[in-house]
Number of protein chains: 2
Amino acid sequence: MKTFQEYLDIINKAIAEIPYPESPRQLYEPIAYHMALGGKRIRPVLVLMACDAMGGSVDVAVDAALGIEMFHNFTLLHDDVMDNADVRRGKTTVHRRWNANTAILSGDTMLTIATQYIARMDGRNSRALMDLFNKTAIEIYEGQQWDMDYEERDNVTVDEYINMIRLKTSVLLGCALKSGALVAGADNANVELFYEAGVNMGLAFQLRDDQLDVWGDPETFGKEIGGDIMNNKKTFLLINAMRLAQGDDADELRHWLNDPFATREDKVRGVTALYERLGVRQLAEEAIAHYNDLAVAAFNRIVMPDRDKQAFIALTNKLAGRNN
Amino acid sequence: MKTFQEYLDIINKAIAEIPYPESPRQLYEPIAYHMALGGKRIRPVLVLMACDAMGGSVDVAVDAALGIEMFHNFTLLHDDVMDNADVRRGKTTVHRRWNANTAILSGDTMLTIATQYIARMDGRNSRALMDLFNKTAIEIYEGQQWDMDYEERDNVTVDEYINMIRLKTSVLLGCALKSGALVAGADNANVELFYEAGVNMGLAFQLRDDQLDVWGDPETFGKEIGGDIMNNKKTFLLINAMRLAQGDDADELRHWLNDPFATREDKVRGVTALYERLGVRQLAEEAIAHYNDLAVAAFNRIVMPDRDKQAFIALTNKLAGRNN
């Protein structure tokens, strides 16, 4: 296996070389712009890593990796329209720099381009790869819909939340690893273990994301701390706090959720203190460790050289403990 | 071959039986709602007809037919968001009945469901079918983008317009016929002739649509006459009128395009009279006949029983001359 950086270089080179048509410019420029915004590129790297570990050709897996990264970027582009977001990775979002119609149509185009990359795969697993890709896409739309539904509800349970992030975020990491294994022609047991590892890795990853929004280091996190708190976003932390707060704590939490005049500083400090007092920070750390352990266990059961296992385990540990 | 109505019954039954998941309701209800709005169902019927004519199984072709109809409805749903349209087929559009975010996300879901139907196909042409579907989708997005670009330009040529409607509308009819032939395992010459016939049929169909907006019978057209005129929509008629009008005619056309206080009745009557005087009505009829003739010629070259040829030719003649 190569290093993360070596896989990343392959992906970034392939993304830079995607041959977009010259015209209509208004359709393809936003796609190239969004794909060049960067990001961690975890999903396409996972495709290449799993393919390599299963003895497949990394070159052949690049198409599936590009398909999954293009798909991921399509979901971000449409999410930014739905959330009316101004900034993505420190740059102006497509629907702000161009307009909402451009973001919708360029996003649609990205979904079809992603499908074209997935469809390029030949051989006996090509049907399984396409079916996995489409099933995962449907799950992600469902997750996004649940996320929007939950913003309207005050009685979301922890189980509902975990299932929502499983759909919205985690299955795509499972899909990435499984796709790499499918491209390599790995046997079914290994293929399914990669999926299981990826989904649990994704859950730990998303829960860490919730946690970093509150306790992250502003220097390395890249976003302003407390965005979820300011938006009353129903994260793992808030859902648990709403479940656990009693008496004065419940009154205080209700106050922060409903006071439109609270300053950012006061609200973030107040809610963070409540999270600490209610033990919600600890619950998040335990949940992250739990899903990370499940990911590690799945990687350990895959039949592959020990040093490859260690590479995957180091990566999931890093993502679960990441500070950016 | 069966009658159009018999194929239509198969399609309508299959659409009514699509097994949407129960939840999230906000995601799937708009899809079922939009698919039930009706419409002519020309595209899925073309899939079944071509498959049947080439000796394939109509039952097997239903998946491809549903995929293409689902795709077509996805484009309408997103187009309605982009055009801010209130009404589709006499009913409230999805983004008005629900909201724009629902229309975006349900539309995305429809595109993936459509791809799933296309991916169900087995056998030696399954790859060709998926590639055709994706290529056609990209062309349709490009056509939509050109259409939006042209609304901002005053110097659109007739050739540019024909290429735009070829992409936005006609290739999907070509794709439908070709898909049916591919499902049937028809030989390559016939497959390509079906595509050629469908694209020309689609051009005649769209030009007739432009023409009906002005000279259609309000009783049968289903939409109010003159919508394109009121919106200064750059149709085949307006582009030719802008090209041909000289002197007083040019002044009058400019007046109608720029007078925000013109009543609907005056503007529609005035522009229609200009179209007649400039010979634009005649040009449209000639163009429709031209593309319809090309479609008929392509159908005639396909190796199939004469009565099947006659069925396709009767349909293209009907669509080119349709009054609704």
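Structure: above.
On a predicted model such as this, the values are computed, not experimentally measured, just so you know.

A. Geometry of the overall build of chain A. Looking only at helices and strands, chain A has 16 helices and two strands in total. Principal axes of the C-alpha set define a box for chain A whose edges measure 60 × 50 × 35 Å. Taking all 324 residues of chain A together, the buried fraction comes to 59%. When the accessible surface of chain A is split by element, carbon and sulfur atoms take 48% of a total near 13400 Å². In chain A, the 35 positive side-chain charges and the 48 negative ones have mean positions that sit 3 Å from each other.

B. Inspection of the relation of the copies chain B and chain A at higher detail. Note on the copies: chain B fits chain A at an RMSD of 0.0 Å, the axial shift is 0.0 Å, and the rotation between them is 180°. In short, the pair behaves as if placed about a two-fold rotation axis. Taken as a fraction of all interface residues of chain B, those also at the interface in chain A reach 100%, which identifies the copy contact as same-surface.

C. Quick peek at the pattern of salt bridges. All names here are of chain A. Taken as a whole, this structure holds 46 salt bridges over all chains when the rule is applied. A salt bridge links E139 to K135, with the nearest nitrogen and oxygen atoms 3.9 Å apart. You can see E139 and its partner K135 sitting in helix 7 (residues 126–151), four residues apart, about one turn around the helix. Of the residues examined, K135 reaches a relative accessible area of 37% and is grouped as partly exposed. One salt bridge connects E196 with R301, and the closest N-O pair in it is separated by 3.7 Å. You can see E196 sitting in helix 9 (residues 188–215) and its partner R301 sitting in helix 15 (residues 280–301), a full 105 residues away along the chain. Residue classification places R301 among the exposed positions, given a relative accessible area of 53%. Via salt bridges that share partners, D147, E151, K168 and K233 belong to a single interconnected network.

D. Quick peek at helix 8 (residues 158–183) of chain B. Residues and elements named next belong to chain B. Compared with the 38 Å implied by 1.5 Å per residue over 26 residues, the 35 Å span of helix 8 between its first and last C-alpha is a close match. At S170, helix 8 shows its maximal bend, which comes to roughly 50°. Taking burial as the measure, the 26 residues of helix 8 include 20 buried ones, the bulk of the element. A positive backbone phi angle near 75° is found at G185, which sits one or two residues after helix 8.

E. Fine view of the interface of chain B and chain A. On the chain A side, the residues contacting the 38 residues of chain B number 38 residues. Summed over both partners, the interface of chain B with chain A comes to about 3200 Å²; 65% of that surface belongs to carbon and sulfur atoms. The partner of A:R127 in a salt bridge is B:D122, with the nearest N and O atoms 2.6 Å apart. Put simply, chain B and chain A have 14 residue pairs in polar contact (both at pLDDT 80 or more) between them. Listing elements by their share of the side of chain B that touches chain A, those giving two or more residues are helix 2 (25–35), helix 4 (58–83), helix 6 (100–119) and helix 7 (126–151) of chain B. The leading source of residues in the side of chain B that touches chain A is helix 7 of chain B, at 14 residues. The residue inventory of the side of chain B that touches chain A, partitioned by class, reads 19 nonpolar, 11 polar and eight charged.

F. Examining the packing of helix 1 (residues 4–16) of chain B against helix 4 of chain B more closely. Residue and element names in this part refer to chain B. At a closest axis distance of 10 Å, the pairing of helix 1 and helix 4 adopts a crossing angle of 65°. Classed by the angle they form, the pair helix 1 and helix 4 counts as roughly perpendicular. The hand of the helix 1/helix 4 crossing is right-handed. Residue-level contacts link Y7, I10, I11, A14 and I15 of helix 1 to V58, V62, A65, L66 and E69 of helix 4.

G. Up close: empty space enclosed by the protein. Per the counting criterion, the structure on display carries three cavities of 30 Å³ or more. In this structure, the largest cavity spans a volume of roughly 70 Å³. As for the largest cavity, its lining consists of 13 residues, and the residues nearest its centre are B:D228, B:I229, B:K233, B:L238 and B:Y275. Among the elements of the structure, helix 9 (188–215), helix 11 (227–230), helix 12 (236–244), helix 13 (247–258) and helix 14 (264–277) of chain B are those that each provide at least two residues to the lining of the largest cavity. Roughly 60 Å³ of internal volume is contained in the second largest cavity. Lining the second largest cavity we find 13 residues, and of these A:D228, A:I229, A:K233, A:L238 and A:Y275 sit closest to its centre. Counting residues per element, the ones that place at least two in the lining of the second largest cavity are helix 9, helix 11 (227–230), helix 12 (236–244) and helix 14 (264–277) of chain A. Tallying contributions element by element places helix 9 of chain A first for the lining of the second largest cavity, with three residues. Looking at side-chain class alone, the lining of the second largest cavity contains seven nonpolar, two polar and four charged residues.

About the criteria used
Residues numbered from 1 in each chain as written. Chains lettered and ligands numbered in written order. Predicted model: local features only at pLDDT ≥ 70, side-chain atom pairs only at ≥ 80, totals over all residues. Heavy atoms only, no water. Helix = DSSP H or I, 4+ residues; strand = E, 2+ residues; numbered from the N terminus. Buried < 20%, exposed > 50% of the residue type's maximum accessible area, 1.4 Å probe, protein only. Areas by Shrake-Rupley, 256 points an atom, 1.4 Å probe, with all protein chains shown as cover. Lys, Arg positive; Asp, Glu negative; His and termini not counted. Charge placed at Lys NZ, Arg CZ, Asp CG, Glu CD. Least-squares fit on C-alpha atoms with pLDDT ≥ 70 in both. Contact = heavy atoms within 4.5 Å. Salt bridge = Lys/Arg side-chain N within 4 Å of Asp/Glu carboxyl O. Expected span 1.5 Å × (residues − 1). Bend = angle between axes of the 7 residues up to and from the residue. Buried area = accessible area lost by both parts, 1.4 Å probe. Polar contact = N/O pair within 3.5 Å; in protein donor to acceptor, adjacent residues only side chain to side chain. Nonpolar A, V, L, I, M, F, W, Y, C, P; charged D, E, K, R; others polar. Axes fitted to C-alpha atoms, helices over the stretch in contact; angles between N-to-C directions. Parallel < 35°, antiparallel > 145°, perpendicular 65-115°, else oblique. Left-handed = near helix turned anticlockwise from the far one by under 90°. 1 Å grid on protein atoms, 1.4 Å probe; cavity = no way out; pocket = protein on both sides within 12 Å on 5 of 7 lines; lining within 4 Å. Points joined across faces, edges and corners; volume = space filled by probe spheres on them.

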